[in-house]
Amino acid sequence: MAMVFGLFGWMLYKSHEEASQYAVETSQNITLMAQRDIVRNIEILSLSLDALANRYQDPLFRQLTHNQQYSYLFGSVAAAKHVIVMAVLDAAGKVAVSSLPGTPANTYGDRLYFTVQRDRPETGLYISPPITAKFDRELQVVVLSKRLSNQDGSFAGVVVMALDLSYFRELFSGIALGEDGVMSLYARSGVVYMRLPYAASMIGRDISSSDNFLRIKSLIQQESGSFFARAVTDGVKRLYAFRNVPGTQLVVFVGRSEKHIFSHWTESLYALGGAMLVFTVVCMALFYILRNELKKRRRAEERLQELVSVDDLTKLLNRRALDNALGDLWSRSRRGRGIFSILFIDVDYFKFYNDTYGHQKGDDVLVSVSRAISTQLPRSSDLAARYGGEEFIVVLAETDADGALHVGEKIRGAIEALNIPHAKSQIGHISASIGAAMYDSTVHDSINAVLNAADSALYAAKGNGRNNVQISAKPVNSMHL
């Protein structure tokens, strides 16, 4: 009876973990979509500020009439839905030109978006905390600013843009998060930019000293992540996923209530529990007889599978398992028009290492390198295999060229960070050269073509001094084995 209920509990635990993992992945995907939308729009707004700066400092601008100057600087502002105003402030913070006709010649030299640009020339695009501004009505906005410089590099003022925070509100409102779901935009410093369900009193609030924020402050310095926490405001326990917006201090949060995430699991719990109880009563005797044989068979199958698919030394996939995985990946990608990338990794000067330190030390290096590779592949869909000797293959599903370069660089850095002495290496320790290639259906007609491309990129990395990552620009016709 105890074993039956233990199996039942294990099944429930696994299904609970699957539901939790699915919820994490879904929430992360939501944050990724929001992040990309925000990044795309911020890039567009940043380019608009660059255009305003260039046109304002263009000698042609001074030769135009007032109306022509306005059209030249702000002709496209009216089409930008959430841009309230664009303006140029001179070196003292006084409004030089504005997209709002009749705007008073106010001075804003004490505002943070001005002083940051004045005092820190390297700032680039600056996004202010939320501000309540008075136009024809009170609006909650953020101010984007960029520095204007004279020809000698001295400070000449700033170009600014007021963005209505309703942009973030509309963006978040279109995403279904289920019962008690929340979505928010924070600065890593703890300032609230937007939160849904919407509450105007929350916008611009600094929560950096709150207990909840202090607990996650170090965590949100990472690129992305997730955690469970109970909200102070309503007491609801939620799964929170977050993702940083590149180039800014902003962090997108998605919170989905634990009750909503596990609602179907809870329903299944009662249904499965009743069925399991009946099954236990009816089948307990038969199960008792069969359980030992089943356990032996399972262990044998697991051991056999491990022997068939795992390299004895590195514990990565072996060549046979890699070939099977690549075949399956190729079939799926051809059917679904998906993308993937392959990394070809080669330990630099490994033959010299074996000759100098011996084959046992060489095997220890391969084990350490394989562990360094594995630690940089957190996704279950990513595969690492020993290709042969000191060569390794990494398969990155749903990963483009930029992603492949990023992962390749992480792996290269992790191997270098092992700091294993190598007297015959130019840099004095173990390193690796890495070639990367992304599958392109228009140029790759087989999985070998992708492998060939990665192999050619590997040779380019070696030719570039080793200990670096190179991406393949086009497929090649041969491969070094």
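See the structure above.
Each value, and the rule that gives it
- Residues numbered from 1 in each chain as written.
- Predicted model: local features only at pLDDT ≥ 70, side-chain atom pairs only at ≥ 80, totals over all residues.
- Heavy atoms only, no water.
- 1 Å grid on protein atoms, 1.4 Å probe; cavity = no way out; pocket = protein on both sides within 12 Å on 5 of 7 lines; lining within 4 Å.
- Points joined across faces, edges and corners; volume = space filled by probe spheres on them.
- Nonpolar A, V, L, I, M, F, W, Y, C, P; charged D, E, K, R; others polar.
- Patch = residues over 30% accessible without salt bridge, like charges linked within 9 Å, V, L, I, M, F, W, Y side chains within 5 Å.
- Areas by Shrake-Rupley, 256 points an atom, 1.4 Å probe, with all protein chains shown as cover.
- Salt bridge = Lys/Arg side-chain N within 4 Å of Asp/Glu carboxyl O.
- Lys, Arg positive; Asp, Glu negative; His and termini not counted.
- Charge placed at Lys NZ, Arg CZ, Asp CG, Glu CD.
- Helix = DSSP H or I, 4+ residues; strand = E, 2+ residues; numbered from the N terminus.
- Buried < 20%, exposed > 50% of the residue type's maximum accessible area, 1.4 Å probe, protein only.
- Pairing = 2+ DSSP bridges.
- Axes fitted to C-alpha atoms, helices over the stretch in contact; angles between N-to-C directions.

### Examining empty space enclosed by the protein
- Scanning the entire structure with this criterion turns up one cavity of 30 Å³ or more.
- Put simply, the largest cavity is a space of about 30 Å³.
- In terms of lining residues, the largest cavity is bounded by I42, L45, I127, V142, L144, L163, F168 and L250.
- Looking at the lining of the largest cavity residue by residue, the class counts come to eight nonpolar, no polar and no charged.

### Regarding a positive patch on the surface
- Residues K295, K296, R298 and R299 make up a contiguous surface patch of positive charge.
- With respect to the element layout, K296 can be found in helix 8 (residues 263-309).
- Judged by relative accessible area, which is 48%, K296 ranks as partly exposed.

### As for the sheet that holds strand 12 (residues 340-347)
- With mixed pairing, the five strands of this open sheet are ordered in space as 13-14-12-15-16. Strands with a single pairing partner mark the edges of an open sheet, and in this sheet they are strand 13 (383-388) and strand 16 (469-471). Each adjacent strand pair in this sheet contributes to an overall mean axis angle of 20 degrees, direction not counted.
- Sheet topology note: the strand 13/strand 14 (residues 391-397) ladder contains five bridges and is antiparallel. Counterpart to L383 in the pairing with strand 14 is V395.

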